Amino acid sequence: MTTLDSAMRFTRIAFAESVKTFGLPKILADRTISIIPGFLVIALLAWPQAATGTGYGMVLWPLFGATNQILASLALLAAAVFLMSLGRSTTSYIIPFVLLLITSMAAMGHTLIFNYFPNQNWPLAIIGSIVFICAVGVLIISIITYKDRKKIAAEVEAS
């Protein structure tokens, strides 16, 4: 239940932020409306498969490890950006962030190339590819954000 609660909250916030980022109608960022996509995804994952009687979520279980570590790296990044805005050292967060994100991405890429694609495991291949692309996007955004924050911090110190 805690995982579902966290997933719903994260999905709602991510969807609402995406609405703002892409300039979609503001009604989609409403707390009630923005929870619908997360609810639909979780309902689909819980829906039983006819052949096995288990939910689709069990099909996706092999992706959980790398995806979870990518999310953990995001937490390290968020902490580093926060500390940078306070003018504190971020080295103890940035180094683990980079190592964790690259290791997770390497594991996901290896599994995609040598397991999911050759075995034509298309649900895992497609979703794993999406997660991998999102991780690359996070890495690019983090580099841009880090440089911008560092530049702002340097300007604040200079004045």
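Please refer to the structure placed before this passage.
What you see is a predicted model, and the numbers here were worked out from it, not measured in a lab.

### Concerning the overall build of the protein chain
Here is step 1: In terms of helices and strands, the protein chain carries 6 helices and 0 strands.
Here is step 2: Ordered by position from the N terminus, the helices and strands of the protein chain form the series α-α-α-α-α-α.
Here is step 3: Expressed as lengths along the three principal axes of its C-alpha atoms, the size of the protein chain is roughly 65 × 40 × 30 Å.
Here is step 4: Of all 159 residues assigned to the protein chain, the portion counted as buried reaches 23%.
Here is step 5: Intrachain contacts of the protein chain at a sequence separation of at least 6 include 50% that bridge at least 24 residues.
Here is step 6: For the protein chain, the accessible surface area stands at approximately 10,800 Å², while carbon and sulfur atoms represent 71% of it.
Here is step 7: Each charge sign in the protein chain was given a centre, from 10 positive and 6 negative side chains, and these centres are 1 Å apart.

### Section: the side chain of Thr90
Here is step 1: Relative to the assigned elements, Thr90 resides in the loop between α4 (64–85) and α5 (91–116).
Here is step 2: Filtering out sequence-adjacent residues up to four positions away, Thr90 remains in contact with Ala80, Leu83, Met84 and Tyr146.

### Points about the pattern of salt bridges
Here is step 1: Within this structure, the stated rule accounts for 1 salt bridge.
Here is step 2: Here Asp5 ties to Arg9 by a salt bridge, and the two come within 3.2 Å at their closest N and O atoms. Residue Asp5 and its partner Arg9 are located together in helix α1 (residues 2–21), separated by 4 residues, close to a single helical turn.
Here is step 3: Note on Asp5: relative accessible area 37%, which makes it partly exposed.

### Focus: a nonpolar patch on the surface
Here is step 1: Taken together, the side chains of Ile27, Ile33, Ile35, Ile36, Phe39 and Leu40 present a nonpolar region at the surface, about 540 Å² in accessible area.
Here is step 2: Looking at the secondary structure, you find Ile36 in helix α2 (residues 36–46).
Here is step 3: The partly exposed category is assigned to Ile36, whose relative accessible area is 40%.

### As for the packing of aromatic side chains
Each aromatic ring pair is specified by the distance between its two centres and by the angle formed by the two planes.
Here is step 1: Tallied over the full model, the rule gives 1 aromatic pair.
Here is step 2: When the ring of Phe117 is compared with that of Trp122, the centres are 6.2 Å apart and the planes differ by 55°; the resulting orientation is tilted.
Here is step 3: What makes Phe117 partly exposed here is its relative accessible area of 35%.

### Section: the environment of Ile143
Here is step 1: Residue placement: Ile143 occurs in helix α6 (residues 122–158).
Here is step 2: A relative accessible area of 42% places Ile143 in the partly exposed class.
Here is step 3: For Ile143 and Leu24, which are 119 residues apart along the polypeptide, the C-alpha to C-alpha distance reads 26 Å.

### As for the nonpolar core
One recurring pattern in soluble globular proteins: nonpolar side chains tend to sit buried together.
Here is step 1: Formed by 16 residues in total, the largest nonpolar core has its most connected members in Leu63, Ile70, Leu101, Met108, Tyr116, Leu124 and Ala135.
Here is step 2: Discounting residues that sit within four places of it in the chain, Leu124 has contacts with Val59, Leu60, Pro62, Leu63, Leu112, Tyr116 and Ser129.

Thresholds applied
Residues numbered from 1 in each chain as written. Predicted model: local features only at pLDDT ≥ 70, side-chain atom pairs only at ≥ 80, totals over all residues. Heavy atoms only, no water. Helix = DSSP H or I, 4+ residues; strand = E, 2+ residues; numbered from the N terminus. Buried < 20%, exposed > 50% of the residue type's maximum accessible area, 1.4 Å probe, protein only. Contact = heavy atoms within 4.5 Å. Areas by Shrake-Rupley, 256 points an atom, 1.4 Å probe, with all protein chains shown as cover. Lys, Arg positive; Asp, Glu negative; His and termini not counted. Charge placed at Lys NZ, Arg CZ, Asp CG, Glu CD. Salt bridge = Lys/Arg side-chain N within 4 Å of Asp/Glu carboxyl O. Patch = residues over 30% accessible without salt bridge, like charges linked within 9 Å, V, L, I, M, F, W, Y side chains within 5 Å. Phe/Tyr/Trp six-rings, centres within 6.5 Å; stacked < 30°, edge-to-face > 60°. Core = buried A, V, L, I, M, F, W, Y, C linked by side-chain atoms within 4.5 Å.

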